[in-house]
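If you want the building blocks of each chain, they are given just below.
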Amino acid sequence: MLICQKHLFSLDPEVSYLNNAYRGPILKSSEEAALKDLYQMRNPFTQKSEDFFTTVSRVKEIFSAMVGSDAQDIALIPSTSYGFAAALSNWKPGPGKKAITVQDEFPSGYFSLKRWVEENKGELQIIGPDFEAKNRGKSWNERLLESIDTSTGVVLISSVHWMNGVKFDLEAIGQRCAEVGACFIVDGTQSVGAMPIDVKAAKIDALIVASYKWLLGPYSLGLSFFGEKFHDGKPLEESWMNRTNSHIFSELTNYQEEFLPGANRFNVGETSYFILLPMLAKALEQLMAWTPGGIQDYAASLKSELVNFQRERGLGLEMGAYASNHLFGLPLPEGSDPKEIKAKLEAEKVYVSVRGQSLRVSINVYNEARDLERLMGILLT
Ligand SMILES: Cc1ncc(COP(=O)(O)O)c(C=O)c1O
């Protein structure tokens, strides 16, 4: 079992930061990597042509190991919406197909799917849980699976719901999509890094992940996996860097039509992302050393006290055992004002989010039992 890793971050020691789902803090090693790249910009002549590609390759290598794909199937993207647009603009199964997502899906995914529906003259189906069910998380997964049939063109969901942490059974959903010929697109922003995922086992066609949460990366940079369905696709833009001769700077105008293999055609232009990409590389290295499963177990150990606390108050957790350990919703006593409680917590330097009528709590390796004790102590006042 991991122990608290707070010493590897520059987080304010007085703060109990239980809000990684909002934005992850950066590692000290990422700070150093960013500064190194920044200082190198003082002397551009020290930058070799290969420097434009080496960190890109390293990041793809580590991320592909994290999600169970080949490195060439990974593309760098600036945001999740870019990734969704690249995937959905290349998926045309014919008019009139159904697109499925879940209730309260994050807006970048929702609007991308809505546009696909309009352009493909399809129908948008939004699946929510059965609010009367004893186990809402279970009912939500069952309803989702039941909704996928031969009229389904695409399913776009988050691996873990951003508001309440419910886990969707990716392997069962991917299997069903494969059976009916639907495209399976997953937004991994709220789980990848902190929870294991295997794109092949789950038959995922495209996995889209912003890096500034559980990948502990910088803002404006994300990572994506594109499976075989997309390998002949049309990228959103024409970057010189994605063609087969891009490494030979003296011959760039010997225009090469051929793209680099796999998902490389979907890399955003100016892929090298100096400063930002070395930060992400350090974070990915560290995450792989901790392992996503190790982070999930560590979060579970801290969450257990909170589960007891909620049980004693007769409140439970939103989605019960179907919620992830690193992100979950904490229902509040009837009549309480979540925004007021959040303000009270912040006055004591405890940070969480409000989503609907619950607090959204997220736990990572820099947290310790004391953070949860502070949260519970203030909730009792
Ligand atoms: C599930 C999910 N997807 C995407 C995002 C944001 O991604 P981007 O800023 O790249 O659109 C968030 C942010 O909260 C999120 O929770």
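Residues numbered from 1 in each chain as written. Predicted model: local features only at pLDDT ≥ 70, side-chain atom pairs only at ≥ 80, totals over all residues.

> Where do I start with the overall build of the protein chain in this structure?
Along the backbone of the protein chain there are 10 helices and 12 strands. Taking 21 Å as the expected radius of gyration for a compact globule of 381 residues, we find that the protein chain reaches 22 Å, a close match to that expectation. Buried positions account for 45% of the 381 residues belonging to the protein chain. (Helix = DSSP H or I, 4+ residues; strand = E, 2+ residues; numbered from the N terminus. Rg over C-alpha atoms; globule rule 2.2 N^0.38 Å. Buried ≥ 20, exposed ≤ 12 C-beta atoms within 10 Å, placed from the backbone.)

> When you look at the sheet that holds strand β4 (residues 123–127) in this model, what are you seeing that I'm missing?
Strand order in the open sheet formed by 7 strands is β2-β8-β7-β6-β5-β3-β4, and the pairing between neighbours is mixed. Because the sheet does not close on itself, it has two edges, and the strands there are β2 (74–77) and β4. Between one strand axis and the next, the sheet turns through 20° on average, direction left out of account. By the bridge criterion, 3 bridges tie strand β3 (residues 98–102) to strand β5 (residues 152–158) in an arrangement that is parallel. Looking across to β5, one finds that Ile-100 is bridged to Val-155. (Pairing = 2+ DSSP bridges. Axes fitted to C-alpha atoms, helices over the stretch in contact; angles between N-to-C directions.)

> Explain the environment of Asp-104 here, please?
Take Asp-104: it is sitting in the loop between β3 and α4 (107–119). By the C-beta count within 10 Å, which is 16 here, Asp-104 ends up partly exposed. When the C-alpha positions of Asp-104 and Trp-140 are compared, they lie 13 Å apart, and in sequence the two are 36 residues distant.

> What should I look at first to understand the domain arrangement of the protein chain in this one?
Put simply, an interface is often sized by how much accessible area is lost when its parts join up. Under the domain assignment used here, the protein chain contains domain 1 (6–18 + 291–379) and domain 2 (44–289). With centres defined by C-alpha atoms, the gap from domain 1 to domain 2 works out at 28 Å. Counting from both sides, the interface comprises 19 residues of domain 1 and, opposite them, 19 residues of domain 2. Contributing elements (two or more residues each) for the side of domain 1 that touches domain 2: α8 (292–312) and β9 (327–331). Top contributing element to the side of domain 1 that touches domain 2 by residue count: α8, with 4 residues. Class assignment of the residues belonging to the side of domain 1 that touches domain 2 gives a composition of 7 nonpolar, 9 polar and 3 charged. (Domains from an automatic or database assignment. Contact = placed C-beta atoms within 7 Å. Nonpolar A, V, L, I, M, F, W, Y, C, P; charged D, E, K, R; others polar.)

> Help me out: how do you make sense of the pairing of β4 in this one?
For a regular strand, the rule is simple: side chains alternate between the two faces of the sheet. Note that β3 and β4 share 5 bridges and pair parallel. Each residue of the ladder has a partner; that of Thr-101, found in β4, is Ile-126.

> Explanation requested: the site of the ligand in the structure shown.
Every residue lining the ligand is accounted for by Ser-79, Thr-80, Ser-81, Phe-106, Ser-108, Ser-158, Trp-162, Asp-187, Thr-189, Gln-190, Ala-210 and Gly-222. For the shell around the ligand, a count of residues per class yields 3 nonpolar, 8 polar and 1 charged. (Near = placed C-beta within 6 Å.)

> Any chance you could explain the nonpolar core here in plain terms?
General note: in soluble globular proteins, nonpolar side chains tend to be found buried as a group. Of all hydrophobic cores here, the largest spans 101 residues; its most connected members are Val-155, Ile-185 and Leu-280. Tallying contributions element by element places helix α7 (residues 276–290) first for this core, with 8 residues. (Core = buried A, V, L, I, M, F, W, Y, C linked by C-beta atoms within 7 Å.)

> I would appreciate a short explanation of the sheet that holds β9 in the present structure.
The strands that make up a sheet are held in pairs by hydrogen bonds between backbone atoms, and each pair lies either parallel or antiparallel. The strand order across the open sheet built from 3 strands is β9-β12-β11, with neighbouring strands paired in antiparallel fashion. The open sheet has two free edges, formed respectively by β9 and β11 (353–355), since each of these has just one partner strand. Taken pair by pair, the neighbouring strands of this sheet meet at an average axis angle of 40°, ignoring direction. In terms of strand pairing, β11 meets strand β12 (residues 358–362) through 3 bridges, oriented antiparallel. Bridge pairing in β12 links Ser-353 to Arg-360. Contacting β11 and β12, helix α9 (residues 338–347) crosses the sheet at an angle of about 40° to β12.

> Honestly, the packing of helix α1 (residues 28–40) against α7 in this entry has me stumped. Any pointers?
Helix packing for two helices is described by the angle between their axes and how far apart those axes are. Direction vectors running N to C along α1 and α7 enclose 155°, while the axes themselves pass 8 Å from each other. In this view, α1 runs roughly antiparallel relative to α7, as classed from their interaxial angle. The interaxial crossing formed by α1 with α7 has right-handed handedness. Across the interface between the two elements, Ser-29, Ser-30, Ala-33, Ala-34, Lys-36 and Asp-37 of α1 pack against Pro-278, Met-279, Ala-281, Lys-282, Ala-283 and Gln-286 of α7. When grouped by side-chain class, the residues that make up the contact of α1 with α7 number 6 nonpolar, 3 polar and 3 charged. (Parallel < 35°, antiparallel > 145°, perpendicular 65-115°, else oblique. Left-handed = near helix turned anticlockwise from the far one by under 90°.)

> Can you walk me through the pairing of β3 in this structure?
Of all 5 residues in β3, 4 are buried, a share of seventy percent or more. Of the crossover connections in this fold, the one passing from β3 over α4 to the parallel β4 is right-handed. (Right-handed = clockwise from strand over helix to strand, strands pointing away.)

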